[in-house]
Amino acid sequence: MLLIPCPHCGDRPEIEFSYGGEAHVARPADPAALSDEQWADFLYARTNPKGVFAERWRHTNGCGRFFNVVRDTISDFFVAGHKDGEPRA
Amino acid sequence: MQRFSALALLRNAIGGHEAWRPQWRTPEPREEYDVVIVGAGGHGLGTAYYLAKEHGIRNVAVIERGWLGGGNTGRNTTIIRSNYLFDESAALYNHALTMWEGLSRELNYNVMFSPRGVMMLAHTVHDIQVFKRHVHANRANGVDNEWLSPEQAKQFCPPLNISPDLRYPVLGAALQRRGGTARHDAVAWGYARAADALGVDIVQNCPVTGIRRAANGAVEGVETGRGFIRAKKVAVVAAGHTSVVMAMAGLRLPLESFPLQALVSEPVKPAFPCVVMSNTVHAYISQSDKGELVIGAGTDAYISYSQRGGLHIAQHTLDAICELFPMFRRMRMLRNWGGIVDTTPDRSPIIAKTPVPGLYVNCGWGTGGFKATPGSAHVFAHTVARDEPHRINAPFSIERFRDGVMIDEAAAAAVAH
């Protein structure tokens, strides 16, 4: 079980959180301008890296807020984290 | 190839078992192959076998980072069934199930396919509706699946607790009698042995570190831990690591890799006659021929390549197992491990050509690839050999996500499968 560093509350057990997937997947400013390939890429294609990975979590059973963390997907250790809206760590 | 038979067993027994030879070679990779397959799991080795046997392409290497069958082939809970909802899935998985039935004979290797029946439990009104829809859709597709009352389910699997005061009571079940289990390692070994006998090189402990492409974009070969290997075609069958390998060719796929856990108990006498799955409470259980209870859990929530998952996931499954099968409450678990499963947004696999000429991919099996091994390998070999998909895997393209023609088993099953 992960011990997830919530930037608002501190380290908390994983069962308090829900997963938000890959971070920085921004919704296109003008979706209508996108080709089908670009739209499918936004909706479905993911980096899915083996190594350092920026992801979102929501502290559902805590402060309730979304935040970003950087985790190593090989070791599952957290490398960095920041509050939603703040610059990337 | 040394053929296995009762006579061969007797002859070797008399000879003190001194004459058995290794079942496949350990070759040095050649400089060039017609086809290089990345990943020596069941699907990859099977692809090599069918390339050699059905398409006459024998200049083939299967390149494996670790040891053959050491990934998800050796980590799954060996359940085989084909009762999927949609026509495309039913065709694919039933193709595989039909091949399972003759696989031991085909490979002259006992894969211990045991069609002992797969029973899927319904715990809610929604489950009942979904399962009955499956039963009817399956019948229309010629796939056997039948609806059982709780009493009939208990008759089929006596250890089952059908008390109405369970947290998740058993309200009925869908039973596929042709479904069952097989020995997972034997599938990899059987395909490896048969492919090797047809001239396929299986190169283990050889990680692929890059995919080289020519100026026109076509595949030229793979960079490996043992140097560059030239190849006319490269077929990637790397399960949880598919995103990593495809990124070497500059491709991003609709895949995410999650840990999926399984456990086995201490071995006990035969006590459990079938496979029981409960998608709603995430419990999958059967008893191996060795006597261990083989238990599958759900996936973890997060992307990881760590091949282990959270304890709370396994505990959730064991809670359900203990409630459904009270006689197992005092069993001890011996081992717990994880495999990394690559899941697609619609929970159906991708078996297809890619935008890169000469590069093919078979991935996205998620939590349920083992059952499809022979069928997957068979249609993928066709795709690689002919440079066009087999009728059965044509719908399982990458472009289905662009074109919106999903095969949405995720919504159909509402859970991992």
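Draft legend 1. How the structure looks around the overall build of chain A. Regarding its fold elements, chain A presents one helix and six strands. Along chain A, helices and strands appear, N-terminal first, in the series β-β-β-α-β-β-β. With the C-alpha coordinates of chain A rotated into their principal frame, the extents come out at 40 × 25 × 25 Å. For chain A, the proportion of its 89 residues judged to be buried stands at 31%. Accessible surface for chain A amounts to roughly 4900 Å². Of this, 51% is attributable to carbon and sulfur atoms. The centroid of the 10 positive side-chain charges in chain A is displaced by 6 Å from the centroid of its 13 negative side-chain charges.

Draft legend 2. Quick peek at the sheet that holds strand β6 (residues 78-83) of chain A. Residue and element names in this part refer to chain A. Taken in spatial order, the four strands line up as β3-β4-β5-β6 in an open sheet, and their pairing is antiparallel. Only two strands of the sheet have a single neighbouring strand rather than two, namely β3 (18-22) and β6. With direction set aside, neighbouring strand axes in the sheet form an average angle of 30°. One ladder, built from seven bridges, connects strand β4 (residues 52-58) with strand β5 (residues 66-72); its direction is antiparallel. Residue pairing across strands places Val52 opposite Asp72, the latter belonging to β5.

Draft legend 3. Focus on the confidence of the model for chain B. Mean pLDDT over chain B stands at 95; residues scoring 70 or higher make up 98%. Confidence estimates for the predicted assembly give a pTM of 0.95 and an ipTM of 0.92.

Draft legend 4. Layout of helix α9 (residues 373-386) of chain B. Residues and elements named next belong to chain B. The end-to-end C-alpha distance of α9 is 20 Å, a good match for the 20 Å that 14 residues give at a rise of 1.5 Å each. Of all 14 residues in α9, 13 are buried, a share of seventy percent or more. Residue Asp387 follows α9 closely and has a positive phi angle near 60°.

Draft legend 5. Region of interest: the packing of aromatic side chains. This structure, assessed with the given rule, holds 18 aromatic pairs over all chains. Between Trp57 of chain A and Tyr302 of chain B, the aromatic rings sit 6.1 Å apart at their centres with planes inclined by 50°, giving tilted as the arrangement. One end of the pair, Trp57 of chain A, is in strand β4; the other, Tyr302 of chain B, is in the loop between β15 (293-299) and α8 (311-324), on a second chain. With a centroid separation of 5.0 Å and 85° between ring planes, the pair formed by Phe272 of chain B and Phe325 of chain B is classed as edge-to-face. Of this pair, Phe272 of chain B sits in the loop between β12 (256-265) and β13 (275-278) while Phe325 of chain B sits in the loop between α8 and β16 (333-343); the two residues are 53 residues apart in sequence, bridging distant segments of the chain. You'll find Phe272 of chain B and Phe325 of chain B in the same group, each marked buried.

Draft legend 6. Seen up close, the nonpolar core. Residue and element names in this part refer to chain B. If you look at the biggest cluster of nonpolar residues, it comprises 51 residues, and the most contacted ones within it are Ile37, Leu45, Tyr50, Leu51, Val60, Trp100 and Tyr191. Within the residue set of this core, elements represented by two or more residues are β1 (32-38), α2 (42-55), β2 (60-63), α3 (87-107), α6 (184-197) and α9. Among all residues touching Trp100, those that are not within four sequence positions of it are Ile80, Val111, Phe113, Ala182, Val187, Phe370, Lys371, Thr373 and Pro374. In this structure, Val36, Ile63, Ala231 and Leu253 belong to the second largest nonpolar core, which totals 30 residues.

Draft legend 7. Main features of the side chain of Asp346 of chain B. Residues and elements named next belong to chain B. Residue placement: Asp346 occurs in the loop between β16 and β17 (350-353). Separated by 3.1 Å, the side chains of Asp346 and Thr344 make a polar contact. Excluding its chain neighbours within four sequence positions, the residues that come into contact with Asp346 are Arg400, Phe401, Met406, Ile407, Asp408, Glu409 and Ala410.

Draft legend 8. Molecular detail of the packing of α2 of chain B against α3 of chain B. Residue and element names in this part refer to chain B. Where α2 contacts α3, the axes come no closer than 14 Å and their chain directions differ by 75°. The pairing of α2 with α3 is recorded here as roughly perpendicular in orientation. Only Met99, Leu103, Glu106 and Leu107 of α3 make contact with α2, whose side of the interface consists of Tyr49, Tyr50 and Lys53.

Draft legend 9. Broad picture of the environment of Val341 of chain B. Residues and elements named next belong to chain B. Assignment of secondary structure puts Val341 in strand β16. Here the alpha-carbon distance between Val341 and Phe396, two residues 55 residues apart in the chain, equals 18 Å. With near-sequence residues (within four places) excluded, Val341 lies in contact with Asn72, Gly240, Glu256, Ser257, Phe258, Leu260, Thr299, Gly366 and Thr367.

Draft legend 10. Quick look at α2 of chain B. Residue and element names in this part refer to chain B. Taking 1.5 Å of rise per residue, the 14 residues of α2 would be expected to cover 20 Å, and the 19 Å separating its terminal C-alpha atoms lies within 8% of that figure. In terms of burial, α2 is largely enclosed, as 12 of its 14 residues are buried. For α2, the complete set of buried residues consists of Gly42, His43, Gly44, Leu45, Gly46, Thr47, Ala48, Tyr49, Tyr50, Leu51, Ala52 and His55. At the C-terminal side of α2, Gly56 shows a positive phi close to 65°.

Draft legend 11. Broad picture of the interface of chain A and chain B. In this complex, chain A contributes 23 residues to the contact, which on the side of chain B involves 25 residues. Taken together, both faces of the contact between chain A and chain B bury some 2100 Å²; the carbon and sulfur share is 53%. The largest per-residue losses of area from chain A upon contact with chain B belong to Tyr44, Asn48 and Lys50 of chain A, which jointly make up 32% of the total buried on that side. Linking chain A with chain B are two salt bridges. Between Asp41 of chain A and Arg252 of chain B there is a salt bridge, with the nearest N and O atoms lying 3.7 Å from each other. Between chain A and chain B we count 14 residue pairs in polar contact (both at pLDDT 80 or more) in total. Of all the secondary-structure elements, those providing two or more residues to the side of chain A that touches chain B are α1 (36-43) and β4 of chain A. Broken down by element, the residue count for the side of chain A that touches chain B peaks at four residues, all from α1 of chain A. Considering only residue class, the side of chain A that touches chain B consists of 11 nonpolar, four polar and eight charged.

Quick notes on the rules
- Residues numbered from 1 in each chain as written.
- Chains lettered and ligands numbered in written order.
- Predicted model: local features only at pLDDT ≥ 70, side-chain atom pairs only at ≥ 80, totals over all residues.
- Heavy atoms only, no water.
- Helix = DSSP H or I, 4+ residues; strand = E, 2+ residues; numbered from the N terminus.
- Buried < 20%, exposed > 50% of the residue type's maximum accessible area, 1.4 Å probe, protein only.
- Areas by Shrake-Rupley, 256 points an atom, 1.4 Å probe, with all protein chains shown as cover.
- Lys, Arg positive; Asp, Glu negative; His and termini not counted.
- Charge placed at Lys NZ, Arg CZ, Asp CG, Glu CD.
- Pairing = 2+ DSSP bridges.
- Axes fitted to C-alpha atoms, helices over the stretch in contact; angles between N-to-C directions.
- pLDDT = per-residue confidence, 0-100.
- Expected span 1.5 Å × (residues − 1).
- Phe/Tyr/Trp six-rings, centres within 6.5 Å; stacked < 30°, edge-to-face > 60°.
- Core = buried A, V, L, I, M, F, W, Y, C linked by side-chain atoms within 4.5 Å.
- Contact = heavy atoms within 4.5 Å.
- Polar contact = N/O pair within 3.5 Å; in protein donor to acceptor, adjacent residues only side chain to side chain.
- Parallel < 35°, antiparallel > 145°, perpendicular 65-115°, else oblique.
- Buried area = accessible area lost by both parts, 1.4 Å probe.
- Salt bridge = Lys/Arg side-chain N within 4 Å of Asp/Glu carboxyl O.
- Nonpolar A, V, L, I, M, F, W, Y, C, P; charged D, E, K, R; others polar.

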